[in-house]
Amino acid sequence: MTTAVYPGTFDPITNGHSDIVMRAAILFDRVIVAVAASPGKRPLFSVEQRVALASEVLADLDNVEISPFDTLLVDFASQHDAKVILRGLRAVSDFEYEFQLAGINRRLAPDVETLFLRPAEQYAYISSSLVREVAGLGGDVSEFIHPAVQAALKRRKL
Ligand code: COA
């Protein structure tokens, strides 16, 4: 059984993230969406809220689990017997950071491979912070996020 971990802050989960998870769910036996506490990013939603939203959005995917984490990513992967870390590459601008992240993770855990997936074209330019900003200024973000996430942003008056 091949388990892949898809880590991120998911503040909040967007259709771009879901697109990657759907692709991964076809390729791997088990996919764990690992929601990082990421206190350094001062997230809008608590980690519990981010896990709850991701769970609702991805509820139809039987081989996908959602789990919070606040440890090293490679430790989380090893605790869950995952040999693959998945990341999305939206544009060339993502590459440098992702290259660094994959490099450090390989130094820390040489037996864990980082693999990259591309989201569908229409999600290549969105990010959680852009979605928050557009929603906060009254723009229509329905194309980029699940209705449950839209409702959560509304509750936060964003
Ligand atoms: N669709 C839409 N948006 C996407 C996306 C996609 N397919 N893929 C990435 N993004 C966006 C995210 O929404 C996020 O946007 P934001 O910055 O505007 O909020 C941005 O791209 C990148 O963030 P994210 O994917 O959440 O990753 P991150 O950089 O916040 O988190 C971790 C990276 C959590 C994987 C990393 O910090 C980590 O592993 N932390 C654990 C501690 C650790 O092991 N540290 C050492 C690792 S080097």
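What counts and how
Note that residues are indexed from 1 along each chain, following the sequence as it is written. Reporting of local features is limited, given that this is a predicted model, to residues whose pLDDT is at least 70; pairs of side-chain atoms are given and counted only at 80 or more, and all residues count toward the totals for whole chains, interfaces and linings. Where side-chain values are given, they derive from all heavy atoms of the structure, hydrogens and water being excluded. Here, a salt bridge means any side-chain nitrogen of Lys or Arg that lies within 4 Å of a carboxyl oxygen of Asp or Glu. Strands are runs of DSSP state E lasting at least two residues, helices are runs of H or I lasting at least four, and both sets are numbered from the N terminus onward. Each residue's exposure class comes from its accessible area (1.4 Å probe, protein chains only) as a fraction of the maximum for that residue type: buried when under 20%, exposed when over 50%, partly exposed otherwise. In this scheme, strands are said to pair when DSSP sees at least two bridges between them. We call a residue near a molecule or strand whenever a single non-hydrogen atom of that residue lies within 4 Å of it. Counting of polar contacts relies on pairs of N or O atoms within 3.5 Å, with two restrictions inside protein: one atom must be capable of donating a hydrogen and the other of accepting it, and residues adjacent in sequence are counted only when both atoms are side-chain atoms. A 1.4 Å probe and the Shrake-Rupley method give the accessible areas. Residues count as covered only by the protein chains that appear here. In this scheme Phe, Tyr and Trp rings, the latter by its six-membered ring, pair at centre separations within 6.5 Å, and the angle between planes marks the pair as stacked below 30 degrees, edge-to-face above 60, and tilted otherwise. Here the term patch refers to residues with relative accessible area over 30% and no salt bridge, with like charges joined within 9 Å and nonpolar side chains (Val, Leu, Ile, Met, Phe, Trp, Tyr) within 5 Å. To obtain an axis, a line is fitted to C-alpha atoms, over the contacting stretch when the element is a helix, and the angle between two such axes runs from 0 to 180 degrees between their N-to-C directions. Residues count as neighbours in contact if any of their non-hydrogen atoms are within 4.5 Å of one another.

K.L.:
Teacher, can you tell me more about the pattern of salt bridges here?
P.N.:
Side chains that differ in sign of charge can pair as their charged atoms come close. Under the definition given, this model contains eight salt bridges. A salt bridge links Asp11 to Arg132; the shortest N-O distance between them is 3.3 Å. Here Arg132 lies in helix H5 (residues 128-136) and Asp11 lies in the loop between strand E1 (3-8) and helix H1 (15-27), a separation of 121 residues in the sequence. Note on Asp11: relative accessible area 5%, which makes it buried. Note that Lys83 and Asp111 form a salt bridge whose closest N and O atoms lie 3.5 Å from each other. With Lys83 in the loop between helix H3 (73-79) and strand E4 (84-88) and Asp111 in the loop between helix H4 (92-108) and strand E5 (113-117), this residue pair connects regions lying 28 residues apart in the sequence. Using a relative accessible area of 42% as the deciding quantity, one classes Lys83 as partly exposed. Look at Asp111 and you get partly exposed, because its relative accessible area is 47%.

K.L.:
Is there a simple way to explain the pairing of E4 in this structure?
P.N.:
Put simply, side chains in a regular strand alternate between the two faces of the sheet. Of all five residues in E4, five are buried, a share of seventy percent or more. Of the two faces of E4, both are covered, the one formed by Val84, Leu86 and Gly88 as well as the one formed by Ile85 and Arg87. Pairing analysis gives two bridges linking E1 to E4, with the strands arranged parallel. From the neighbouring strand, Ala4 faces E4, where its bridge partner is Val84. Relative to E5, E4 is paired through five bridges, and the arrangement is parallel.

K.L.:
How should I be thinking about the site of the ligand in this particular structure?
P.N.:
Neighbouring the ligand are 25 residues; Thr9, Lys41, Leu73, Ser128 and Ser129 lie closest to it. Between the ligand and Gly16, the relevant distance is 3.2 Å, taken from a nitrogen atom to a main-chain nitrogen or oxygen of the residue. The side chain of His17 places a nitrogen or oxygen atom 3.3 Å from an oxygen atom of the ligand. In isolation the ligand has 940 Å² of accessible area, and contact with the protein removes 82% of it. Elements with a minimum of two residues in the shell around the ligand: E1, H1, H4 and H5. If you tally residues by element for the shell around the ligand, the top one is H4, at four residues.

K.L.:
Explanation requested: the packing of aromatic side chains in the structure shown.
P.N.:
To describe a pair of aromatic rings, you give the distance between the ring centres and the angle between the ring planes. The final tally for this structure, using the stated rule, is four aromatic pairs. Plain terms: the ring middles of Tyr6 and Phe10 are 5.5 Å apart, the flat faces sit at 70° to each other, and that makes the pair edge-to-face. Geometrically, the ring pair formed by Phe69 and Phe76 is tilted, given 5.2 Å between the ring centres and 45° between the ring planes. As far as the burial class goes, Phe69 and Phe76 line up, both buried.

K.L.:
Is there a simple way to think about unusual backbone geometry in this case?
P.N.:
It is generally the case that most residues other than glycine have a negative phi and that most peptide bonds are trans. Omega for the peptide link from Asp11 to Pro12 comes to 0°, which places this bond in the cis form. Locating Pro12 in the fold gives a position in the loop between E1 and H1.

K.L.:
Before we go on, may I ask you to explain a nonpolar patch on the surface in this structure?
P.N.:
A cluster of nonpolar residues, Leu72, Ile104 and Leu108, forms a patch on the protein surface that exposes about 290 Å² of accessible area. Structurally, Leu72 is set in the loop between strand E3 (64-69) and H3. Under the relative-accessibility criterion, Leu72 is labelled partly exposed at 46%.

K.L.:
Is there a simple way to explain the sheet that holds E5 in this structure?
P.N.:
Pairing is parallel across the open sheet formed by five strands, whose spatial order is E3-E2-E1-E4-E5. With one partner strand each, in any of the chains shown, E3 and E5 form the two edges of the open sheet. Taking each pair of neighbouring strands and ignoring which way they run, the sheet shows an average axis angle of 30°. Across the sheet, H1 touches E1, strand E2 (30-36), E3, E4 and E5, and the angle it forms with E5 is around 120°.

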